[in-house]
Each structure stands twice: as C-alpha cells, then as structure tokens.
Amino acid sequence: MVRAGTVGTHLPASGLDIFGDLRKMNKRQERRYVEGSFHGQTLKSYLILQFVRLYYQVLNFAMIVSSALMIWKGLIVLTGSESPIVVVLSGSMEPAFHRGDLLFLTNFREDPIRAGEIVVFKVEGRDIPIVHRVIKVHEKDNGDIKFLTKGDNNEVDDRGLYKEGQNWLEKKDVVGRARGFLPYVGMVTIIMNDYPKFKYALLAVMGAYVLLKRES
Amino acid sequence: MAGGGSSVEQPRPLPCSSLIGGAGPRAARLPCPRGPARPVGVSPEAGARALAHVGGPERRRGRGGARSRNARGAGGAGRREPVRGRSGSPGCVRSRALGETGAMNTVLSRANSLFAFSLSVMAALTFGCFITTAFKDRSVPVRLHVSRIMLKNVEDFTGPRERSDLGFITFDITADLENIFDWNVKQLFLYLSAEYSTKNNALNQVVLWDKIVLRGDNPKLLLKDMKTKYFFFDDGNGLKGNRNVTLTLSWNVVPNAGILPLVTGSGHVSVPFPDTYEITKSY
C-alpha cells in the first residue's frame with residue numbers, strides 16, 4: 001500500500017489532493033469505492049494512482065537488485081577472492097566434485113599454498129578458471145611460491161593445460177581455495193549457460209511477474 | 001458514517017479489483033461471502049456475524065455493492081456495530097479473483113506450494129548436515145614405514161628439462177579410517193606427501209601417492225611395500241644428502257555438504273636420503 005506520508009506533497013497545479021485522499025482513504029475506505037467516484041475526475045485520479053503504484057513497484061524491484069549486488073560485492077571483500085562462489089564445470093575432480101556442484105572459495109593472503117589443497121586458478125590467456133588439486137609446492141625464503149596441480153580424475157598433471165613453456169603456477173594465478181562444498185545447486189547456472197533461451201525465458205517470466213503482480 | 005442510507009437503491013458499483021487492482025489490504029480485511037475462504041486479518045466472529053446478517057438467499061448474490069447494500073440494510077444498528085468495529089467495513093467488496101488466489105484450488109498453486117516446501121526442507125536438511133559435522137576432529141593415528149630409498153639424478157622429463165634429483169621410495173602404511181566416516185562424509189582423498197627443505201627452496205612438498213576411499217569402501221588401510229605413484233622430482237638437486245625428508249599421510253575430507261578440511265594423520269616418518277646417486281641399478 002502506498003504510504004501517502006512518504007510519497008509526498010500535493011500534486012502541483014492540479015487542484016487535486018490525491019495523496020491527501022490516499023491518506024484519508026484509510027478511514028473512509030470502501031464507501032468511496034462502492035460509490036465509485038473520486039473528486040469527479042475519476043479517470044485522471046485513476047491514472048495518477050496507477051502511476052504511483054508502478055513507480056513504487058519499480059523502486060521495489062530496484063531495491064531487490066541492488067541488495068543482491070551488495071551482498072555479492074560484500075562476499076568478494078569478505079573472502080578476498082574475486083569469485084567467491086564457483087560452479088564446477090568439468091568432471092576432472094570426480095568422484096569428489098561433479099558437474100554442477102557449488103564451491104565456496106577464500107583467498108586470504110596469509111594462507112600459504114600447501115600440497116593437497118584444492119585451488120581454483122586461471123591460466124594466463126584463458127577466462128575459465130580450473131578447479132584442481134596442488135600436488136607439488138616449492139617455496140623460497142622470500143615467500144615466492146611455485147606449484148603444480150593435477151585433477152583427481154586425470155592421469156597426468158596440468159602442465160598440458162598451462163601456457164606454452166609454463167611449468168609452474170604462481171600465487172597470482174590463484175582465484176581462491178575451495179573451503180566449502182554444496183552439491184547440485186550449480187546445475188541451474190550450467191543449464192542457463194548451455195541453453196541461453198532458457199535464461200531469457202526465465203528473465204522474461206520474472207520481469208513479467210514483478211511488474212504485473214497485484215499488490216493483494 | 002453510514003451516510004449511504006440503507007434503503008437507497010444504488011447502481012451496482014464497479015468491482016474494486018478492476019478499479020485499483022485489488023483494492024489493497026483494506027479490502028482484504030473484509031469478510032468474504034464466497035465459500036469458506038477468509039481473507040487475512042478479519043476475525044471469525046466478525047465474519048460470522050456479517051454472514052449471519054445477510055442470510056441465505058443473499059449469499060448467492062455475488063459481488064460488490066449488492067453485498068454491502070444487503071449487509072447494511074439487513075442488520076439492525078446494534079448488530080452492525082461489531083462488524084464495523086472489527087473490520088471497519090460494512091460489507092464485502094472482494095472480487096472473485098482474490099477468493100481463488102488464497103486457496104489451494106488450482107494445480108499451479110498446489111505445485112508451487114509443494115515445490116517451495118520441498119526446497120525449504122532440503123535446505124534445512126543440508127544445513128543440518130553441515131552444522132552437525134562442522135567442528136569434528138577428523139584426525140586418526142597413522143603408522144608409516146619406509147623400507148627402501150634410492151636416489152638418481154636425471155633430466156626432469158615431467159616438465160622443466162633440467163637435471164634434477166629423482167628419489168625412489170618404498171613404504172608401508174597402516175591406518176584405520178573408520179572413525180572418520182559419518183553421515184556427512186562422501187569420500188576421503190588420501191595423499192602421502194614428502195616435505196623437506198633445500199638450499200634453493202625453504203619449503204618443498206611433493207605428493208608421492210594418493211588414493212580415494214569412498215563411503216562404503218574398506219576403511220582399514222594395510223598397505224605394504226608400496227611404490228610411489230608419482231615421480232619424486234626435486235626442483236634442483238636438493239635431495240642428495242638431505243637428512244630430513246618427512247613423509248606424512250594426510251586426507252581431504254569431501255562432505256555431502258559443508259566444509260572441505262585438510263587433515264594430517266598423527267604419525268609421520270623422517271628419512272634421510274643417500275649422499276650418492278645410483279647410476280647402475282634401476283628401481
């Protein structure tokens with residue numbers, strides 16, 4: 001319900017106190033509706049009222065979207081990783097992780113990279129990050145680390161996946177370390193990636209639902 | 001107040017839903033004459049009294065103003081008061097559309113409720129799985145033994161083409177992993193890693209052997225005379241004469257849902273590597 005107090009003042013230059021009416025409607029209520037008339041300018045007030053409702057719904061929607069964005073950015077800061085939640089796309093870590101599983105990553109600088117950890121890393125020149133396990137670590141005195149990874153389900157290590165001539169990964173390639181796991185939830189993302197029509201259909205349905213939903 | 005007059009014959013007004021889309025929560029407070037569906041916010045007594053005024057035949061009449069007119073006209077002034085006091089309205093102006101959305105009388109709304117309910121139950125179960133095992137200690141004692149060590153110096157054919165130290169180890173593992181498995185453990189990824197430090201690198205860790213133990217597999221490990229699965233190449237020549245190469249068995253607990261901890265078994269073995277390279281023999 002539109003709160004007239006927050007919406008504002010009288011409409012200018014129309015001589016029509018719609019918001020005053022909205023306030024008073026609480027008390028007089030159905031008699032107005034039952035009798036079916038406002039100030040006699042039924043159509044104008046009806047349109048204005050519709051506009052106010054639509055504006056309110058748009059604001060509501062915008063607030064939901066910006067809350068989601070805030071939560072995501074907050075997670076990025078909290079975990080230190082540029083992508084704190086990832087979906088497993090391939091089967092190279094089976095039977096631990098299957099396609100469609102969700103992983104929660106952290107990337108704190110004081111956590112050292114050690115053998116056996118599951119890291120999500122990006123190879124230079126490729127966008128898609130890879131989830132594999134660290135099998136070799138060589139760390140120098142000054143903190144420089146180089147490490148090698150291998151997928152549990154692969155026979156050989158990942159040197160074939162690295163850049164040409166690259167034998168080791170470094171800390172800067174790491175997107176995050178897998179700390180938590182949730183099965184199957186990421187399937188929605190995979191379906192939306194593989195069938196873009198489904199994604200557009202879902203967005204259209206959600207948009208229609210939000211815009212057309214009645215306040216009842 | 002009741003300026004409308006009980007005996008005035010009014011033209012049937014527009015149903016509210018078409019005018020302002022459902023009329024908002026005010027109208028929702030009105031008792032609805034149609035069937036048992038009662039909108040939120042109205043008390044059963046007010047609803048019953050409103051209906052009692054109206055009587056049998058009027059119930060069939062349908063919507064909007066006809067209803068309210070009858071409700072106003074039918075009862076006495078005294079009877080009318082409690083109804084208005086509770087819901088503040090003289091009668092029902094609910095339209096037919098609202099009467100249906102609140103109920104479970106379409107396949108779609110039933111499917112929707114079922115889906116939402118099952119989703120929330122699954123989420124609660126998953127969270128329960130996670131929270132009941134989040135703080136468990138997953139460590140068990142492990143006995144390791146190394147029976148044979150050999151050292152060579154060859155070109156690292158697995159990657160950097162430099163001559164590096166290549167170690168060979170034969171080892172035994174005894175461990176009982178049964179206590180680790182509970183309702184939230186899907187599998188254990190065991191790995192035997194060698195840790196040592198050299199002149200070039202302050203810390204080196206190399207995984208020599210790994211094994212996946214799924215839930216339901218035999219959890220007791222009794223391995224003897226195992227060869228390493230992976231080549232033990234050093235980054236340089238740091239294994240020669242290295243006095244302290246520590247072997248530990250660790251595992252990564254993969255849950256059904258929740259935290260992925262790395263646990264080291266309590267029990268390790270430190271072995272020295274020989275000072276000379278083995279040239280003639282093969283392992």
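Computed from a prediction, not measured in an experiment: that's the story for all the values here.

Calculation notes
Residues numbered from 1 in each chain as written. Chains lettered and ligands numbered in written order. Predicted model: local features only at pLDDT ≥ 70, side-chain atom pairs only at ≥ 80, totals over all residues. Heavy atoms only, no water. Helix = DSSP H or I, 4+ residues; strand = E, 2+ residues; numbered from the N terminus. Buried < 20%, exposed > 50% of the residue type's maximum accessible area, 1.4 Å probe, protein only. Contact = heavy atoms within 4.5 Å. Areas by Shrake-Rupley, 256 points an atom, 1.4 Å probe, with all protein chains shown as cover. Salt bridge = Lys/Arg side-chain N within 4 Å of Asp/Glu carboxyl O. Phe/Tyr/Trp six-rings, centres within 6.5 Å; stacked < 30°, edge-to-face > 60°.

Visitor: Help me understand the overall build of chain B, please; the structure alone is not making it clear to me.
Guide: Within chain B, the regular secondary structure consists of eight helices and nine strands. Taking all 283 residues of chain B together, 45% fall into the buried category. In chain B, 69% of the contacts between residues at least 6 apart in sequence involve partners at least 24 apart. Accessible surface computed for chain B: about 14800 Å², of which carbon and sulfur atoms make up 58%.

Visitor: Explain the overall build of chain A here, please?
Guide: A count of helices and strands for chain A gives six helices and six strands. Shown N-terminal to C-terminal, the secondary structure of chain A runs as helices and strands in the order α-α-α-α-β-β-β-β-β-β-α-α. Counting across all 216 residues of chain A, residues that qualify as buried make up 36%. Contacts spanning at least 24 positions in sequence make up 53% of the contacts within chain A whose residues lie at least 6 apart. Carbon together with sulfur atoms contributes 62% to the accessible area of chain A, which is approximately 12700 Å² in total.

Visitor: How do you make sense of the pattern of salt bridges when you look at a structure like this?
Guide: Think of it this way: side chains of opposite charge can pair up when their charged atoms draw near. Tallied over the entire structure, the rule returns 16 salt bridges over all chains. A:Glu139 is the salt-bridge partner of A:Arg114, the closest N and O atoms lying 3.0 Å from each other. Taken together, the residues span a long stretch of sequence, with A:Arg114 in the loop between β2 (102-106) and β3 (118-121) and A:Glu139 in strand β4 (residues 130-139) at a distance of 25 residues. The class for A:Glu139 is buried, based on a relative accessible area of 15%. As a salt-bridge pair, B:Arg138 and B:Asp182 come within 3.0 Å of each other at their nearest N and O atoms. Of this pair, B:Arg138 sits in the loop between α8 (107-133) and β1 (142-155) while B:Asp182 sits in the loop between β2 (163-176) and β3 (185-196), and the two are 44 residues apart along the sequence. B:Asp182 shares its class with B:Arg138; the two are buried. Through salt bridges with shared partners, one network takes in A:Glu124, A:Lys163, A:Lys172 and A:Asp173.

Visitor: Honestly, the packing of aromatic side chains in this entry has me stumped. Any pointers?
Guide: Given two aromatic rings, one states the distance between the centres and the angle between the planes to describe the pair. Residues and elements named next belong to chain B. Enumeration according to the criterion identifies eleven aromatic pairs over all chains in this entry. Taking 5.9 Å as the distance between ring centres and 70° as the angle between the ring planes, the aromatic pair formed by phenylalanine 171 and tryptophan 209 counts as edge-to-face. Of this pair, phenylalanine 171 sits in strand β2 while tryptophan 209 sits in strand β4 (residues 203-214); the two residues are 38 residues apart in sequence, bridging distant segments of the chain. For the pair phenylalanine 171 and tryptophan 209, a shared accessibility class is recorded, and that class is buried.

Visitor: Mind showing me how you'd approach unusual backbone geometry here?
Guide: Cis geometry is adopted by the peptide bond preceding A:Pro95, which originates at A:Glu94 and carries an omega value of -5°. Here A:Pro95 is to be found in the loop between β1 (85-87) and β2. Here the phi dihedral of A:Tyr184 falls at roughly 65°; this positive angle occurs in a residue that is not glycine. Mapped onto the elements, A:Tyr184 comes out in the loop between β6 (174-182) and α5 (187-194). By relative accessible area, A:Tyr184 is classed as exposed at 65%. Positive phi, normally seen in glycine, also occurs at B:Asp225, with a value near 55°. Relative to the elements of secondary structure, B:Asp225 occurs in strand β5 (residues 220-227).

Visitor: It is not clear to me how the side chain of A:Arg159 should be interpreted in this structure. Could you clarify?
Guide: Tracing the sequence through the fold places A:Arg159 in the loop between β5 (145-150) and β6. Apart from residues lying up to four places away in sequence, A:Arg159 is in contact with A:Leu148, A:Gln166, A:Asn167, A:Trp168, B:Thr158, B:Gly159 and B:Pro160.

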